[in-house]
Amino acid sequence: MIVHKGETVFRQGDNGPLFRLKSGLLKIVRVHEDGHMIVVNLIVAGEVIPHHSLVSEQPYHGTAIALMTSELEIIPSREWYDDLAAHPEKALEIALLLQSRLRLMQQRIDQLTRTSPAEKLRKLQEWLASFAGPIPISELLTQDEIGQFIGLRRETVNRLLRSGGSK
């Protein structure tokens, strides 16, 4: 399955299959009752999502949106869970997937604990470049989304991007 920048893979609250991101980059957003969206995660190639449904089926916790043209493999839920029941050793594969995700989250925490706003932005840009290549951060995420992801106000992100202060 190919999705292009801005296309939705799945919506918060729906039920459905799992997905393996083969290439590209996705964002996961939570939509609040007032319609406000918050970026809660970035998904990179190799991940199977949603993470919270790897062991038991749950409604989608957020909405997945492509940040660039991305290729996904659709994994039917029943097939995933039947295979897990028939092959308990697959639990190790799931544990390794979750371990990898935890490492990415630790990198994100490291970004958030940097002392200066410019350093936070620089580290996020480096991290994204390792998955998205030379695409500028502003072509992947809005200034609001960048701010949400690294704990800065949009105005600060705007100032840093304009001044080149993240380099």
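See above for the structure.
Here the structure is a predicted model, which means the values were calculated and not measured.

As for the packing of helix α5 (residues 143-150) against helix α6 (residues 154-163)
- It is the contact of α5 with α6, at a shortest axis distance of 8 Å, that shows an interaxial angle of 110°. Here α6 runs roughly perpendicular to α5, going by the angle between their axes. Of the residues in α6, those in contact with Gln 143, Asp 144, Ile 146 and Gly 147 of α5 are Arg 154, Val 157, Asn 158 and Leu 161.
- Grouping the constituent residues of the contact of α5 with α6 by class yields three nonpolar, three polar and two charged.

Things to note about the packing of aromatic side chains
- The full count for this structure, using the stated rule, is three aromatic pairs.
- Ring centres 4.0 Å apart and planes at 20° place the aromatic pair Phe 10 and Tyr 60 in the stacked group. One end of the pair, Phe 10, is in strand β2 (residues 8-10); the other, Tyr 60, is in the loop between β6 (48-49) and β7 (63-66), with 50 residues separating them in the sequence.
- The class for Phe 10 is buried, based on a relative accessible area of 6%.

Notes on empty space enclosed by the protein
- A full pass over the atoms with the stated rule returns one cavity of 30 Å³ or more.
- By volume, the largest cavity amounts to about 30 Å³.
- In this structure, the largest cavity is lined by Gly 16, Pro 17, Leu 18, Pro 50, Ser 53, Glu 57, Gln 58, Tyr 60, Ser 77 and Tyr 81.
- A breakdown of the residues in the lining of the largest cavity according to their chemical character gives five nonpolar, four polar and one charged.

Concerning the layout of surface pockets
- In this model, the largest pocket occupies a volume close to 190 Å³.
- In terms of lining residues, the largest pocket is bounded by Phe 10, Ile 28, Val 40, Asn 41, Ile 43, Ile 49, Pro 50, His 51, His 52, His 61 and Gly 62.
- By residue number, the principal contributor to the lining of the largest pocket is strand β5 (residues 37-44), which donates three residues.
- Looking at the lining of the largest pocket residue by residue, the class counts come to six nonpolar, five polar and no charged.

Observations regarding the pattern of salt bridges
- Counted by the stated rule, this structure contains 12 salt bridges.
- Measuring nitrogen to oxygen at the nearest pair gives 3.4 Å for the salt bridge that ties Arg 20 to Glu 73. Taken as a pair, Arg 20 in strand β3 (residues 18-23) and Glu 73 in strand β8 (residues 70-75) lie far apart in primary sequence, 53 residues in all.
- Owing to a relative accessible area of 23%, Arg 20 belongs among the partly exposed residues under this scheme.
- Between Asp 82 and Arg 78 there is a salt bridge, with the nearest N and O atoms lying 3.3 Å from each other. Here the residue Asp 82 and the residue Arg 78 both occupy positions in helix α1 (residues 77-86), the gap between them amounting to four residues, near one helical turn.
- Overlapping salt bridges, with partners in common, bring together Glu 119, Arg 122, Lys 123 and Glu 126 in one network.

Thresholds, definitions, all that
Residues numbered from 1 in each chain as written. Predicted model: local features only at pLDDT ≥ 70, side-chain atom pairs only at ≥ 80, totals over all residues. Heavy atoms only, no water. Axes fitted to C-alpha atoms, helices over the stretch in contact; angles between N-to-C directions. Helix = DSSP H or I, 4+ residues; strand = E, 2+ residues; numbered from the N terminus. Parallel < 35°, antiparallel > 145°, perpendicular 65-115°, else oblique. Contact = heavy atoms within 4.5 Å. Nonpolar A, V, L, I, M, F, W, Y, C, P; charged D, E, K, R; others polar. Phe/Tyr/Trp six-rings, centres within 6.5 Å; stacked < 30°, edge-to-face > 60°. Buried < 20%, exposed > 50% of the residue type's maximum accessible area, 1.4 Å probe, protein only. 1 Å grid on protein atoms, 1.4 Å probe; cavity = no way out; pocket = protein on both sides within 12 Å on 5 of 7 lines; lining within 4 Å. Points joined across faces, edges and corners; volume = space filled by probe spheres on them. Salt bridge = Lys/Arg side-chain N within 4 Å of Asp/Glu carboxyl O.

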